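These are the residues of each chain, in order.
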Amino acid sequence: MLSRHGTAAVVSTPMRVLVVAGARPNFVKIAPIMRELERSGAESVLVHTGQHYDASMSDSFFAELRIRRPDHSLGVGSGSHAQQTARIMSAFEPVLLAEQVDWVLVAGDVNSTLACSLVAAKLREERGLRIAHVEAGLRSRDWRMPEEVNRVLTDRLSDLLLTPSRDAEENLASEGIRGSHVVFVGNVMIDTLMEQLPSATRLGVAERLGLPGGGYAVATLHRPSNVDHPESLREILHGLSLIAGCMPVVLPLHPRTRSRIEAFGLGEEAARLRIIDPLTYPEMLSLANDAAVALTDSGGVQEETSVMGVPCVTLREQTERPVTITEGTNRLAPWPLTSRGIQESFERAIETGRVPLGARAPEGWDGRAAARIVAALERGR
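Residues numbered from 1 in each chain as written. Predicted model: local features only at pLDDT ≥ 70, side-chain atom pairs only at ≥ 80, totals over all residues. Heavy atoms only, no water.

Here we take up the sheet that holds strand β3 (residues 72-73). On the basis of which strands lie adjacent, the open sheet formed by 7 strands has the order β3-β2-β1-β4-β5-β6-β7 and parallel pairing. Here the strands that pair on one side only, and so sit at the sheet edges, are β3 and β7 (182-184). Relative to strand β6 (residues 160-163), strand β5 (residues 130-134) runs parallel, the two sharing 3 bridges. Paired with V134 across the two strands is L162, which belongs to β6. Across the sheet, helix α6 (residues 166-174) lies against β6 and β7, angled at about 165° from β7, the strand it touches most. Contacting β1 (16-21), β4 (103-107), β5, β6 and β7, helix α16 (residues 369-379) runs over the sheet at an angle of about 160° to β6. (Pairing = 2+ DSSP bridges. Helix = DSSP H or I, 4+ residues; strand = E, 2+ residues; numbered from the N terminus. Contact = heavy atoms within 4.5 Å. Axes fitted to C-alpha atoms, helices over the stretch in contact; angles between N-to-C directions.)

Turning next to the pattern of salt bridges. For the structure on display, the rule yields 31 salt bridges. A salt bridge links D277 to R258; the nearest nitrogen and oxygen atoms lie 3.3 Å apart. With D277 in the loop between β10 (274-276) and α12 (281-289) and R258 in helix α11 (residues 255-263), this pair connects stretches of sequence that are 19 residues apart. A relative accessible area of 53% places D277 in the exposed class. Taking the relative accessible area as the measure of exposure, R258 reaches 30% and is therefore partly exposed. Of the charged contacts in the structure, one is a salt bridge between D366 and R368, with a shortest N-O distance of 3.2 Å. You can call D366 partly exposed: its relative accessible area is 27%. (Salt bridge = Lys/Arg side-chain N within 4 Å of Asp/Glu carboxyl O. Buried < 20%, exposed > 50% of the residue type's maximum accessible area, 1.4 Å probe, protein only.)

Put simply, helix α1 (residues 24-40) and helix α7 (residues 188-201) touch, their axes get as near as 7 Å, and they point 80° apart. In terms of their interaxial angle, α1 and α7 are classed as roughly perpendicular. Residues V28, K29, A31, P32, I33 and R35 of α1 form the contact with α7, whose own contacting residues are V188, M189, D191, T192 and E195. Tallied by class, the residues present in the contact of α1 with α7 amount to 6 nonpolar, 1 polar and 4 charged. (Parallel < 35°, antiparallel > 145°, perpendicular 65-115°, else oblique. Nonpolar A, V, L, I, M, F, W, Y, C, P; charged D, E, K, R; others polar.)

Moving on, we get to the side chain of D167. For D167, the position within the fold is in helix α6. Buried D167, no salt bridge; nearest opposite-charge side chain is R141, N-O distance 7.0 Å. Residue contacts for D167: discarding those within four places in its chain leaves P322 and V323. (Lys, Arg positive; Asp, Glu negative; His and termini not counted.)

Attention shifts here to the packing of helix α4 (residues 111-127) against helix α5 (residues 146-157). The N-to-C vectors of α4 and α5 enclose an angle of 25°; their axes lie 9 Å apart at closest approach. Relative to α5, the element α4 lies roughly parallel. The handedness of the crossing between α4 and α5 comes out as left-handed. In contact with N111, T113, L114, S117, L118, A121 and R124 of α4, α5 contributes N150, L153, T154 and L157. Broken down by class, the residue content of the contact of α4 with α5 amounts to 5 nonpolar, 5 polar and 1 charged. (Left-handed = near helix turned anticlockwise from the far one by under 90°.)

For the rest of this paragraph, the subject is unusual backbone geometry. Of the consecutive residues W335 and P336, the connecting peptide bond is found in the cis state with omega at -5°. With respect to the secondary-structure elements, P336 resides in the loop between β13 (330-332) and α15 (339-352). The phi angle at R66 is positive, at roughly 55°, despite the residue not being glycine. Its relative accessible area of 52% is what places R66 among the exposed residues. The phi dihedral of R141 is positive, around 65°, even though this residue is not glycine. Relative to the elements of secondary structure, R141 occurs in the loop between β5 and α5. Under the relative-accessibility criterion, R141 is labelled exposed at 54%.

So this is what it looks like as structure tokens:
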């Protein structure tokens, strides 16, 4: 086709992005990105690896977060880290060979993130694609955590590193990764929080459970380092039980944690806690938003409570989200964890109190990260 000046006109084709999701945190991150891709006129291909195979922890997220059904469901299920990573790679390769895309977008630090990045890196030249990593540059510096391995390797493989906080840029620079392909975009999880919070607060989960608004603690536990060892889990449960002497402690129980409590015979340690089944994402937002304090080993809860202004105690040796401590409402419990240390951290958090929504939100945690991500993809196309 010729332009009116008689030269060949360039026909612009829509950007095509393959988006990978595998585990619960991924859905919260990709939901606003998928909507922004659609709004911008880009085409998207959604791949669900099935890393989370429990319907209550995965499938319901499509409806809750208004994510369309996946174009490809790999159904890899559980297994050791090596088994799961290998199955994802084997299942993902034919998908990538069948789909012509400009970008493979991966988020976070789960096994799906690394596995799909490895496949894409090996097919990068053949398929003419590039890899974008959402939440690049986060570091715990704890190589015992499988997530740390996934983060570091995915960053090494990626062509576009989309960072959620300024300290992430510093981490990458210290590893020799710098330049225009490192782009600060802010925290896309907060896009979902901002969208969901108004309706979540209307759910009144605390009231439904008979909990006093602002007068209870909410806890979450799922990390292997905390729940896979009887002594560690006993110490944490005892610490939460001590707190339950001051105010109700509600614990939405992750399936992994429930099975460990039963296997280790720790039911008596958990008897003073208000144990409930896992909640949907909006329900968890509602419960956390009305709490006096959160105690968690979850990265997402650290971020969400910092924006909501809820004091948070993180039950880990270190965090890959230190900005939630320096700028947010988070604090680390003394390590190694003891029941008394957990109780004292709770008491200090209560003394500090909560702050208004957004008052302690770090830079770029403003609900507009997805727009910046898609703009970066367009520029780097």
